[in-house]
Amino acid sequence: MRAVGRRTGGRARLWWCGVVALLCSGCGGPTLQHVVQRDLPATRGRSCPGYLGWNDAKVEHVFLWLNGTGVYSSAFVHPSVEQALDANPAAYLTLDKPGVRAPFGDPAKLTVNDVELQRYTQGDILACARQAMSWSEQQFGQAVRFHLRGHSEGTLVALFLYEKLLSEEPALAARVSSLVLSGLGLEPFEALIQRQLKGMPAKQSSVIRGALQKCDWSVLRNRFVSCDYLEDAYARPSGRSVFESLASRSAPARFFVFQASQDFHTPVQYVHELEAWNARDGHLDMKFRYYEGAHVGAPSEVQRELSELLVQLTAPPAPR
């Protein structure tokens, strides 16, 4: 993966982008031979709709796809993984937030329970992601290898999950082969929110600040996340801190970071700093791909590189 592009400024209206994921266009996706769905336990009695699909009779790899915040459904196969699912013995595993549900392959037909959506937190998604791994092991056996694919909020959930596994379930952590991350969040979450509020037009920032003070969900729903979400997120370590913790544990997984040069939501400067730190002190197995673009979307050559990477990560070993 080669570094390209130059760092430039960028502005956006909303904070932690509420769209599906990097490189997504026409998100219906292909028809998989097998698709199953299950509710995955979260916290405090909540649950996440889970979706698991595959083609090959013998699955050896599982992509756990973790997307960003926003009122949309992840019930589709992301275009960048289609080639890997067709070519290799891999399965696709993803989930929706509590309160969001859709028929798999038709995410536009989502239904939303606002009461549940308002109460969900990063802790819920983390719990659901761990349950999703167990579900796929029940389906394919306990030898499958996992690849955590995170965008935006999903990068934090992937990092939190991997760190938790290293601490509590090292045997399972050893089967996490890679983390493929884009729109990588590295700041403390409260600092990220304050920076983004300062970068908004004054009128919009004032409206959102007022809604946060009152926990006015009618305003926050389509522009932000809830007060419950922020309280949980503020108490969690920053993405950068998690990388430092992973380095202290000599985490063996491979990390691939795709980062846009004009990403207002998760600025490229923090990724450059992460890369410099890792070269100097971290020594994790990390590769970085910078490109011209914003928080969502990427040039066709980057889309192709991501697709090819996912094929490579799940390809059978070459015969000796």
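Within any chain, residue numbers begin from 1 and follow the written order of that chain's sequence. In view of the model being predicted, local features appear only for residues whose pLDDT reaches at least 70, and side-chain atom pairs are presented and counted only at 80 or more, with totals across whole chains, interfaces and linings using the full set of residues. Computation of side-chain values covers all heavy atoms of the structure but excludes hydrogens and water.

1. Some thoughts on the confidence of the model for the protein
Along the chain, pLDDT gives the predictor's confidence residue by residue, from 0 to 100. Averaged over all residues, the pLDDT of the protein is 90; the fraction at 70 or higher stands at 91%. Only heavy atoms enter the contact rule, under which two residues are in contact if any of them lie within 4.5 Å. Within the model, the stretch residues 2–26 combines pLDDT values under 50 with 99 contacts to residues more than four positions away or in other chains.

2. Re the state of the cysteines
Any two cysteine sulfur atoms lying within 2.5 Å of each other are counted as a disulfide. A complete count under the given rule lists two disulfides for this structure. Between the sulfur of C48 and that of C128 lies a disulfide, 2.1 Å long from S to S. Here the disulfide of C48 and C128 is right-handed, its torsion about the S-S bond being about 80°. Highlighted residues: C48 in strand 2 (residues 47–54) and C128 in helix 3 (residues 122–140), separated in sequence by 80 residues. As far as the burial class goes, C48 and C128 line up, both buried. Numbered from the N terminus, helices here are DSSP runs of H or I no shorter than four residues, and strands are runs of E no shorter than two. Think of it in three bands: with a 1.4 Å probe and only protein chains considered, a residue is buried below 20% of the maximum accessible area for its type, exposed above 50%, and partly exposed in between.

3. With respect to unusual backbone geometry
Phi is positive for S152, close to 60°, though the residue is something other than glycine. Along the chain, the position of S152 falls in the loop between strand 7 (145–151) and helix 4 (153–168). Of note, H283 is a non-glycine position whose phi angle comes to about 60°, a positive value. Among the structural elements, H283 can be located in the loop between helix 11 (268–282) and strand 10 (285–291).

4. Points about the packing of helix 6 (residues 189–199) against helix 7 (residues 202–214)
Following both chains from N to C, one finds helix 6 and helix 7 inclined at 145°, their axes separated by 8 Å at the closest point. Seen from helix 6, the contacting residues are Q194, L197 and K198; seen from helix 7, they are S205, I208, R209 and L212. A fitted line through C-alpha atoms represents every axis, and for helices the fit uses only the stretch in contact; the resulting angles, taken between N-to-C directions, go from 0 to 180 degrees.

5. Description of the sheet that holds strand 8 (residues 176–182)
Should DSSP find at least two bridges between two strands, the strands are taken to pair. Taken in spatial order, the eight strands make up an open sheet running 1-2-4-3-7-8-9-10, and their pairing is mixed. Either end of the sheet is taken by a strand with one partner, and the two such strands are strand 1 (34–41) and strand 10. In this sheet, neighbouring strand axes are inclined to one another by 15° on average, regardless of whether the strands run parallel or antiparallel. Along the sheet, helix 4 makes contact with strand 3 (61–66), strand 7, strand 8 and strand 9 (254–260), crossing strand 8 at roughly 155°.

6. Remarks on the nonpolar core
For our purposes a nonpolar core is just a set of buried Ala, Val, Leu, Ile, Met, Phe, Trp, Tyr and Cys residues, chained together by side-chain atoms within 4.5 Å. Counting residues in each nonpolar core, the largest one holds 75 residues, and the members touching the most others are Y162, L179 and F243. Among the elements that make up this core, the one with the highest residue count is helix 4 (nine residues). When residues no more than four places from it in sequence are discounted, the contact partners of Y162 are L148, A173, V176, L179, L246, A251, P252, A253 and F255.

7. Some details on the pattern of salt bridges
Salt bridge criterion: a side-chain nitrogen from Lys or Arg within 4 Å of a carboxyl oxygen from Asp or Glu. Tallied over the entire structure, the rule returns 14 salt bridges. Overlapping salt bridges, with partners in common, bring together R254, D285 and K287 in one network.

8. Quick notes on helix 6
Spacing of three or four residues puts side chains on the same side of an α-helix, whose turn is 3.6 residues. For helix 6, the full list of buried residues reads F189, L192, I193, Q196, L197 and G199. The buried side chains of helix 6 occupy one side of the element, clustering within an arc of 160° when seen end-on. On the buried face of helix 6, the contacting elements are helix 3, helix 4, helix 7 and helix 9 (227–234). The arc under discussion is defined with respect to the helix axis, by the directions toward the C-beta atoms.

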